[in-house]
Amino acid sequence: MKDDLSEDLIKETHCILTMGIPTIHRNNTITTSEQYGGIYRAVIVGAGGCNFSTPRFVPVHMKDLCRSLKEDIDSAEKNQSIDPVSLASECSLGFVEFHPFQDGNGRMCRMILNAILCRYIGVIVPIGEDEDERKEYMAIKVRASQECEAFCAQESRAEGPDTEEEINRQKPPRLAELSGVISSAARTEYPVEQLIHPFPFVLLSREVSGTSSLLCTTINNTHSLLRPRSEMSGVNQSQAGGQGSKPGDFEAVRKSVIDLLKQPDYDDGSAGPVLVRLAWHSAGTYDVETDTGGSNGAGMRYEAEGGDPANAGLQNARLFLEPVKRQHPWITYSDLWTLAGVTAIRAMGGPEVSWRPGRTDYVDDSKLPPRGRLPDAAQGAAHIRAVFYRMGFGDREIVALSGAHNLGRCHAGNSGFEGKWVNNPTRFSNQYFRLLLSEEWTEKTVPESGALQFASVDPVTEEELMMLPTDIALTTDPEFAKYVRMYAEDKALFFEDFSRAFAKLMELGIRRDAEGRVTNTDNEKGGYRSAPKKSESAAPVQDDASRTGGCPVAHHKARL
């Protein structure tokens, strides 16, 4: 079945693409994704110094775009000949002309472009894999914006045309020209009978992750797609069989992960910590009693799990790994995410963590676990035990796994908390435990969120470090505290225990036979059992006793 590109589908996809991404205005006010995702704008928006069409024309433009694309496709199928690059270029540029949403129009535009290309020639093209390509792309956008500024400004001031014919006559000339320039290079048309089996647009929109996806990218080298199908063997092979390595060559995947760890523009210059968090959260949903959740399935590709507030920020980790997935398309996402986590730990000076492959990816969201299974950093010892005991861990393993806070930092925009735990957050060590015991941790309220955390300032360097309420709980609970002291004194012991516990974490929810093959029933496509209806809440409501049990704030105040 082929679904037409419709207004409803565009709105639904835009809602997914913008999930959890607020718009911050120049006056520092914020519009949440719930306020603009999938909703036509009611305000004037601009880019590159120009304003786009007034809001009252957006529905007219959208209907015209969808109708025009359908007519072009119907005509192409009737004539048994189609030029997919021209079709994709014209439709995506037509969308940009009127910017229907308050934000996220570029993401949606590139989704439309890639949906058409993927539907008819089976490829998805990213933009700007090097700096020169990014600059070239941005230069085109700037020129287009500058040359349509006069037109758009005039339209925004005037009452504007009342008919669709008048609207079409007044389209910005540069955008029309750009569409022609991009399309003119694609003179080779693709007979319909030679195309891959087209799949519906809706499939693309519903498999997008909660907040982002590399499907949301655009053309970086149009000419690479403008060759006859017979000359596109490289592109097709990379989609089907993989040019980067042979299936099963996990060492090649490890090397690719190591190669991407250095990210000068991200956090502390490394993608390593967020890759560890991705692996952790992909497995930390396991419930030993119901045998649901765990590291199989890569559920964060779906909004119900990827959009969980506890997973905020992990879209960055998934995006970092997309080039690796393209280079080694045979590996499943669930294997890639977990392998990337253990690889990053070792690359950052941590222990070798045992890892075994064989996980598969869910084909739909029917087996996703309910939200609320991941730890809430604002709570105390009782909550920590409830979460980790549910997964099958004991107190010693809980403290060992908490040592992952040697890596990375918190962001107020994601969790409400802000700062790093240790001085060097890209080097795995036992400093986290040593600091828990050696520093005086005082309460601090994060200005941006109002969240309560703990802070300590080095009097020499004046560098501020932070701890979460759950971190402090490890020192105030007697059973947890004895392991904190052990790991603070013995780095080798911590590495040994952490390696064992993290390997166990990566295997949660996985069943294997004597040869190590995964035997989960959900490993067979189409063999999925219905899951309980997923909860839409971020966390279950607890009574006062369970919510305050082991509260680190109360314990800390008593100790002070």
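Reading guide: rules and limits
- Residues numbered from 1 in each chain as written.
- Predicted model: local features only at pLDDT ≥ 70, side-chain atom pairs only at ≥ 80, totals over all residues.
- Heavy atoms only, no water.
- UniProt positions renumbered as here; feature names shortened; annotations may be inferred.
- Helix = DSSP H or I, 4+ residues; strand = E, 2+ residues; numbered from the N terminus.
- Expected span 1.5 Å × (residues − 1).
- Buried < 20%, exposed > 50% of the residue type's maximum accessible area, 1.4 Å probe, protein only.
- Pairing = 2+ DSSP bridges.
- Phe/Tyr/Trp six-rings, centres within 6.5 Å; stacked < 30°, edge-to-face > 60°.
- Bend = angle between axes of the 7 residues up to and from the residue.
- Contact = heavy atoms within 4.5 Å.
- Salt bridge = Lys/Arg side-chain N within 4 Å of Asp/Glu carboxyl O.
- Axes fitted to C-alpha atoms, helices over the stretch in contact; angles between N-to-C directions.
- Parallel < 35°, antiparallel > 145°, perpendicular 65-115°, else oblique.
- Left-handed = near helix turned anticlockwise from the far one by under 90°.
- Nonpolar A, V, L, I, M, F, W, Y, C, P; charged D, E, K, R; others polar.

- Under an unreviewed UniProt entry, the name given to the chain is Peroxidase, and the source organism is Thyridium curvatum.
- Listed under Function (unreviewed entry) in UniProt, the entry text for the chain is "Destroys radicals which are normally produced within the cells and which are toxic to biological systems."
- Its UniProt record gives the chain the following Sequence similarities (unreviewed entry) comment, quoted word for word: "Belongs to the peroxidase family. Cytochrome c peroxidase subfamily."

## Observations concerning helix H13 (residues 272-283)
Right, so step 1: Here H13 is 12 residues long and its end C-alpha atoms lie 17 Å apart, about the 16 Å a rise of 1.5 Å per residue gives.
Right, so step 2: Of all the 12 residues making up H13, 11 are buried; the element is thus mostly covered by neighbouring parts of the structure.
Right, so step 3: Buried residues of H13: Gly272, Pro273, Val274, Leu275, Val276, Leu278, Ala279, Trp280, His281, Ser282 and Ala283, and no others.

## So, the environment of Ala386
Right, so step 1: Mapped onto the elements, Ala386 comes out in helix H17 (residues 381-391).
Right, so step 2: Classification of Ala386 as partly exposed rests on a relative accessible area of 47%.
Right, so step 3: Between the alpha carbons of Ala386 and Pro375 there is a distance of 9.2 Å; along the sequence they are 11 residues apart.

## What to know about the pairing of strand S9 (residues 442-445)
Right, so step 1: Both S9 and strand S10 (residues 452-457) contribute to a ladder of four bridges, which runs antiparallel. What sits directly across from Glu443, in S10, is Phe454.
Right, so step 2: Hairpin remark: S9 followed by S10, antiparallel, with six residues in the connecting loop; positive phi at Gly450, about 80°.

## Considering the packing of aromatic side chains
Right, so step 1: Under the defined criterion, the tally for this structure stands at 19 aromatic pairs.
Right, so step 2: Taking the centre distance of 5.4 Å and the plane angle of 25° together, the rings of Phe498 and Phe502 count as stacked. Here Phe502 and Phe498 lie together in helix H22 (residues 491-506), a separation of four residues that amounts to about one turn.
Right, so step 3: Residue classification places Phe502 among the buried residues on the basis of a relative accessible area of 0%.

## Looking at helix H15 (residues 314-327)
Right, so step 1: Given a rise of 1.5 Å per residue, 14 residues ought to cover 20 Å, and the 21 Å separating the end C-alpha atoms of H15 matches this to within 8%.
Right, so step 2: Roughly 35° is the biggest bend found in H15, and it falls at Leu321, with proline Pro323 one to four residues downstream.
Right, so step 3: Here H15 has its buried residues at Leu314, Gln315, Ala317, Arg318, Phe320, Leu321, Glu322, Val324 and Lys325.
Right, so step 4: Structurally, H15 contributes buried residues whose contacts are with helix H12 (250-260), H13, helix H14 (303-306) and helix H16 (333-347).

## Remarks on the pattern of salt bridges
Right, so step 1: Counted under the stated rule, the structure contains 26 salt bridges.
Right, so step 2: For Asp477, the salt bridge identified is with Arg385, shortest N-O distance 2.8 Å. Pair noted here: Asp477 is in the loop between helix H20 (469-476) and helix H21 (478-489) and Arg385 is in helix H17, with a separation of 92 residues, a long-range link. Like Asp477, the residue Arg385 is buried in the burial classification.

## Thoughts on the pairing of strand S11 (residues 464-467)
Right, so step 1: Note that S10 and S11 share four bridges and pair antiparallel. Residue pairing for S11: Val457 is matched across the bridge by Glu464.
Right, so step 2: In sequence, S10 turns back onto S11 through a hairpin of six residues, with Glu462 there showing a positive phi of about 60°.

## Looking at the packing of H12 against H15
Right, so step 1: At a closest axis distance of 10 Å, the pairing of H12 and H15 adopts a crossing angle of 150°. On the basis of their axis angle, the class for H12 and H15 is roughly antiparallel. The two elements H12 and H15 cross, and the hand of that crossing is right-handed. On the side of H12, the interface is formed by Val253, Ser256, Val257 and Leu260, while H15 contributes Phe320, Leu321, Val324 and Gln327.
Right, so step 2: Taken together, the residues of the contact of H12 with H15 sort by class into six nonpolar, two polar and no charged.

## Some words on the sheet that holds S11
Right, so step 1: Strand order in this open sheet of three strands is S9-S10-S11, and the pairing throughout is antiparallel. Only two strands of the sheet have a single neighbouring strand rather than two, namely S9 and S11. Here the average twist between neighbouring strands, direction ignored, is 45°.

## Overview of unusual backbone geometry
Right, so step 1: Of note in the backbone geometry, Asp267 takes a positive phi value of approximately 45° without being a glycine.
Right, so step 2: Tracing the chain through its elements places Asp267 in the loop between H12 and H13.
Right, so step 3: Unlike most non-glycine residues, Asp291 shows phi in positive territory, near 55°.
Right, so step 4: Following the sequence through the fold, Asp291 ends up in the loop between H13 and H14.
Right, so step 5: The partly exposed category is assigned to Asp291, whose relative accessible area is 35%.

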